[in-house]
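Residue-level listing of the chains:
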Amino acid sequence: MNQNNLPKHISIIMDGNGRWAKIRGLKRTDGHKKGANKVREITEHCAKIGIKYLTLYAFSTENWSRPKLEVDFLIKLLNKYLKEEIKTLQKNNIKFRVIGDMSKFSKKLQETINQTIEQTKSNTGLTQILALNYGSQDEILRAMQKMKDNNLEISKENLEQNLDTQDVPYVDMMIRTSGEMRLSNFLLWQCAYAEFFFTQTLWPDFSDQELELMIDQYQNRERRFGGI
Ligand code: IPE
Ligand code: IPE
Ligand code: MG
């Protein structure tokens, strides 16, 4: 892996768990289980190659509209993931963070989330950011409400300091698996100048190798930021 010009911030829309399960005659929830293991694998790999921020879309503000059984399963899976993950995070010097509106989750889950944040806050390697009950429009509205409550003037700086991604650099690479080519309400503000990567690969089949190929392409793209 070429260490020059590595993206600082990679974000991934981890899509296609349901289809992965369906084509194998399995339940959608089996796809989610497989997807959670992939989160661990890709996170460890990003830490190893020196990425600073990895933001993963795990549950959107719109995903509550899924059948209750699936939503309950996803929340249970998240709980399990957090409890098992702490070892991997510590071993790889990874700092854990979340974006989204946590107030919709049970007190117990919020506690587990806060404990994971607290226990990894001194880690200095990769920052893994899970987007949970996250929607970009919701995030921007919450930020605007906070600005209003604190009598802050409207400015780019004030808005960015009140987004959930406070102090996180803009997204360099936005990846979406499963062939869909849309943002689905993910990091609209933060992707202003992101480079986009779409793959047909379903999330449970995504791999370190494919990620590295994308990073390689990223390193060969010219980013102009409006200049010439
Ligand atoms: C992405 O996989 C995971 C979540 C949204 C939680 P999907 O569940 O959206 O899988 P598809 O798109 O139905 O295949
Ligand atoms: C986006 O995937 C949300 C997550 C990956 C968590 P969806 O599967 O919910 O998005 P749409 O409905 O296809 O746009
Ligand atoms: Mg989907």
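Residues numbered from 1 in each chain as written. Chains lettered and ligands numbered in written order. Predicted model: local features only at pLDDT ≥ 70, side-chain atom pairs only at ≥ 80, totals over all residues. Heavy atoms only, no water.

## Topic: the overall build of the protein
Working step 1: Looking only at helices and strands, one finds 7 helices and 6 strands in the protein.
Working step 2: Secondary structure elements of the protein, listed N to C terminal, follow the sequence β-α-α-β-α-β-α-β-α-α-β-β-α.
Working step 3: In terms of C-alpha radius of gyration, the protein reaches 17 Å, essentially the compact-globule figure of 17 Å for 228 residues.
Working step 4: Expressed as lengths along the three principal axes of its C-alpha atoms, the size of the protein is roughly 55 × 45 × 35 Å.
Working step 5: Residue burial in the protein is summarised as follows: out of 228 residues, 50% are buried.
Working step 6: In the protein, once contacts between residues fewer than 6 apart in sequence are set aside, the share between residues at least 24 apart is 76%.
Working step 7: In the form shown here, the protein has an accessible surface area of approximately 12,100 Å², with 51% of it arising from carbon and sulfur atoms.
Working step 8: Distance between charge centres in the protein, computed from 34 positive and 29 negative side chains, equals 5 Å. (Helix = DSSP H or I, 4+ residues; strand = E, 2+ residues; numbered from the N terminus. Rg over C-alpha atoms; globule rule 2.2 N^0.38 Å. Buried < 20%, exposed > 50% of the residue type's maximum accessible area, 1.4 Å probe, protein only. Contact = heavy atoms within 4.5 Å. Areas by Shrake-Rupley, 256 points an atom, 1.4 Å probe, with all protein chains shown as cover. Lys, Arg positive; Asp, Glu negative; His and termini not counted. Charge placed at Lys NZ, Arg CZ, Asp CG, Glu CD.)

## What about the site of ligand 2?
Working step 1: Every residue near ligand 2 is listed here: Ile13, Met14, Asp15, Tyr57, Ala58, Phe59, Asn63, Arg66, Arg176, Arg182 and Ser184.
Working step 2: One of the side-chain nitrogen or oxygen atoms of asparagine 63 is found 2.9 Å away from an oxygen atom of ligand 2.
Working step 3: Taking serine 184, its side chain carries an N or O atom lying 2.6 Å from an oxygen atom of ligand 2.
Working step 4: With the chains in place, 77% of the 390 Å² that ligand 2 exposes on its own is no longer accessible.
Working step 5: A molecule is said to occupy a pocket when more than half its atoms come within 2 Å of that pocket's grid points, and by this definition ligand 2 occupies the largest pocket. (Near = heavy atom within 4 Å. Polar contact = N/O pair within 3.5 Å; in protein donor to acceptor, adjacent residues only side chain to side chain. 1 Å grid on protein atoms, 1.4 Å probe; cavity = no way out; pocket = protein on both sides within 12 Å on 5 of 7 lines; lining within 4 Å. Sits in = over half its atoms within 2 Å of the grid points.)

## Focus on the packing of aromatic side chains
Working step 1: Evaluated as defined, the whole model comprises 8 aromatic pairs.
Working step 2: A ring pair is formed by tyrosine 57 and phenylalanine 186, whose centres lie 4.1 Å apart and whose planes are at 5°; its orientation type is stacked. Of the two residues, tyrosine 57 is situated in strand β2 (residues 53–57) and phenylalanine 186 in the loop between β5 (173–176) and β6 (195–198); the sequence distance between them amounts to 129 residues.
Working step 3: When its relative accessible area of 0% is taken as the criterion, phenylalanine 186 is described as buried. (Phe/Tyr/Trp six-rings, centres within 6.5 Å; stacked < 30°, edge-to-face > 60°.)

## Here's the deal with the pairing of β6
Working step 1: Burial along β6 is one-sided: the residues Glu195 and Phe197 are buried and none of Phe196 and Phe198 is.
Working step 2: When β5 meets β6, the two strands line up parallel, connected through 4 bridges. Pairing of isoleucine 175 across the sheet is with phenylalanine 197, part of β6. (Pairing = 2+ DSSP bridges.)

## So, the nonpolar core
Working step 1: Ranked by size, the top nonpolar core spans 35 residues in total, and within it Ile10, Ile12 and Ile175 carry the most contacts.
Working step 2: When residues in this core are grouped by element, the largest group, 5 residues, is from helix α2 (residues 28–49).
Working step 3: Discounting chain neighbours no more than four positions away, the residues touching isoleucine 12 are Ile42, Leu54, Thr55, Leu56, Tyr57, Ile175, Phe186 and Trp203.
Working step 4: Residues Tyr57, Ala131, Val171 and Ala194 belong to the second largest nonpolar core, which totals 14 residues. (Core = buried A, V, L, I, M, F, W, Y, C linked by side-chain atoms within 4.5 Å.)

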